[in-house]
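Commentary on secondary and tertiary structure
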Amino acid sequence: MARLEILRYPDPRLREVAEPVAAVTPEIQRLVEDMAETMYDAPGVGLAATQVGVKLRIFVIDIADEDEPSNLLVFINPELLEREGTQIWNEGCLSFPGVAEEVKRAEHVRVRALDAQGQPFELEAEGLLAVAIQHENDHLDGVLMVDKLSALKRKLIGRKLAKQASASP
Ligand code: NI
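This report concerns the structure included in the present document. Computed from a predicted structure; not experimentally measured.

Rules of the game
- Residues numbered from 1 in each chain as written.
- Predicted model: local features only at pLDDT ≥ 70, side-chain atom pairs only at ≥ 80, totals over all residues.
- Heavy atoms only, no water.
- Helix = DSSP H or I, 4+ residues; strand = E, 2+ residues; numbered from the N terminus.
- Rg over C-alpha atoms; globule rule 2.2 N^0.38 Å.
- Buried < 20%, exposed > 50% of the residue type's maximum accessible area, 1.4 Å probe, protein only.
- Contact = heavy atoms within 4.5 Å.
- Areas by Shrake-Rupley, 256 points an atom, 1.4 Å probe, with all protein chains shown as cover.
- Lys, Arg positive; Asp, Glu negative; His and termini not counted.
- Charge placed at Lys NZ, Arg CZ, Asp CG, Glu CD.
- Donors = N, O, S within 2.8 Å, 3.2 Å for Na, K, Ca; no water.
- Phe/Tyr/Trp six-rings, centres within 6.5 Å; stacked < 30°, edge-to-face > 60°.
- Pairing = 2+ DSSP bridges.
- Expected span 1.5 Å × (residues − 1).

Overview of the overall build of the protein chain
When its secondary structure is counted, the protein chain shows three helices and seven strands. Along its sequence from the N terminus, the protein chain presents helices and strands in the succession α-β-β-β-β-β-β-β-α-α. What you see for the protein chain is a C-alpha radius of gyration of 15 Å, in line with the 15 Å of a compact globule of 169 residues. Along the three orthogonal principal directions, the C-alpha set of the protein chain runs to about 45 × 40 × 35 Å. Scored against the burial criterion, the 169 residues of the protein chain give a buried share of 41%. In the protein chain, of all internal contacts separated by at least 6 residues, the share reaching a separation of at least 24 is 64%. For the protein chain, the accessible surface area stands at approximately 9,100 Å², while carbon and sulfur atoms represent 50% of it. Averaged over its 19 positive side-chain charges, the protein chain has a centre that lies 11 Å from the centre of its 29 negative ones.

Here we look at the coordination of the nickel ion
Those donors, Cys93 (SG), His135 (NE2) and His139 (NE2), are the protein atoms that reach the nickel ion, and they lie 2.1 to 2.2 Å from it. Donor residues for the nickel ion, ordered by position in the chain, follow C-x41-H-x3-H. Separated by 42 residues along the polypeptide, Cys93 in the loop between strand 4 (87-91) and strand 5 (101-105) and His135 in helix 2 (residues 127-140) bring together distant segments of the chain. By relative accessible area, which is 10% here, Cys93 ends up buried. Using a relative accessible area of 7% as the deciding quantity, one classes His135 as buried.

A look at the packing of aromatic side chains
Scanning the model with the defined rule gives three aromatic pairs in all. Geometrically, the ring pair formed by Tyr9 and Phe96 is stacked, given 4.7 Å between the ring centres and 25° between the ring planes. Residue Tyr9 is located in the segment before helix 1 (26-41), and its partner Phe96 is located in the loop between strand 4 and strand 5; the two are separated by 87 residues in the primary sequence. An identical accessibility class is assigned to Tyr9 and Phe96; each is buried. A connected cluster of aromatic rings, assembled from ring pairs, spans Phe59, Phe75 and Phe121.

Structural notes on the pairing of strand 3 (residues 73-84)
Bridge analysis of strand 2 (residues 58-61) against strand 3 gives four bridges, and the strand direction is antiparallel. Each residue of the ladder has a partner; that of Phe59, found in strand 3, is Phe75. By the bridge criterion, six bridges tie strand 3 to strand 6 (residues 108-114) in an arrangement that is antiparallel. Paired with Glu84 across the bridge in strand 6 is His108.

What about helix 2?
In an α-helix, one turn spans 3.6 residues, which is why side chains three or four residues apart end up on the same side. Taking 1.5 Å of rise per residue, 14 residues should cover 20 Å, and helix 2 covers 21 Å from first to last C-alpha, within 8% of that figure. For helix 2, the tally of buried residues reaches 13 of 14 residues, placing the bulk of the element in the interior. Directly beyond the C-terminal end of helix 2, a positive phi value near 75° is found at Gly142.

Comments concerning unusual backbone geometry
For the peptide bond that leads from Tyr9 to Pro10, omega is 5°, which places it in the cis range. Looking at where Pro10 falls in the secondary structure, it is placed in the segment before helix 1. Omega for the peptide link from Ala42 to Pro43 comes to -10°, which places this bond in the cis form. Tracing the backbone shows Pro43 in the loop between helix 1 and strand 1 (46-48). The backbone of Asn77 sits at a positive phi, close to 50°, despite the residue not being glycine. On the secondary structure map, Asn77 appears in strand 3.

Below, the structure is given as structure tokens:
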């Protein structure tokens, strides 16, 4: 397994639209393992392939608390089948280090995807899991959490991250 480099906003590769995975091959499974390791190491609750510069429709999520056993969820070629209700969550993103902003999302979603073995599954989710699924699914279309914020907030966040990038060695 290997830790992958996480792209930071405003890296233009975060805006690319990911392509469907043609087949869940051993190479894809290795990528999924590397993405999971990268997410746990960060640490974060979700990571999309586009955040590590891979244009494929894959994301991983684990919303288990630190004192709970890990529960890795792998979504390959995900499709959001239903969105219902609304909720507002204070979201972060590994591509926006140090940023947390309130974002409005659906309260409940139903998603269909392939798992790490290439088997289809459907999942209903609410609360944080529903937020994470919507956030990561957006990444696959090049949509970022800042797109849900006001132009002013987006500008301030862009400035903050540019400052961080120039301060780091
Ligand atoms: Ni994100």
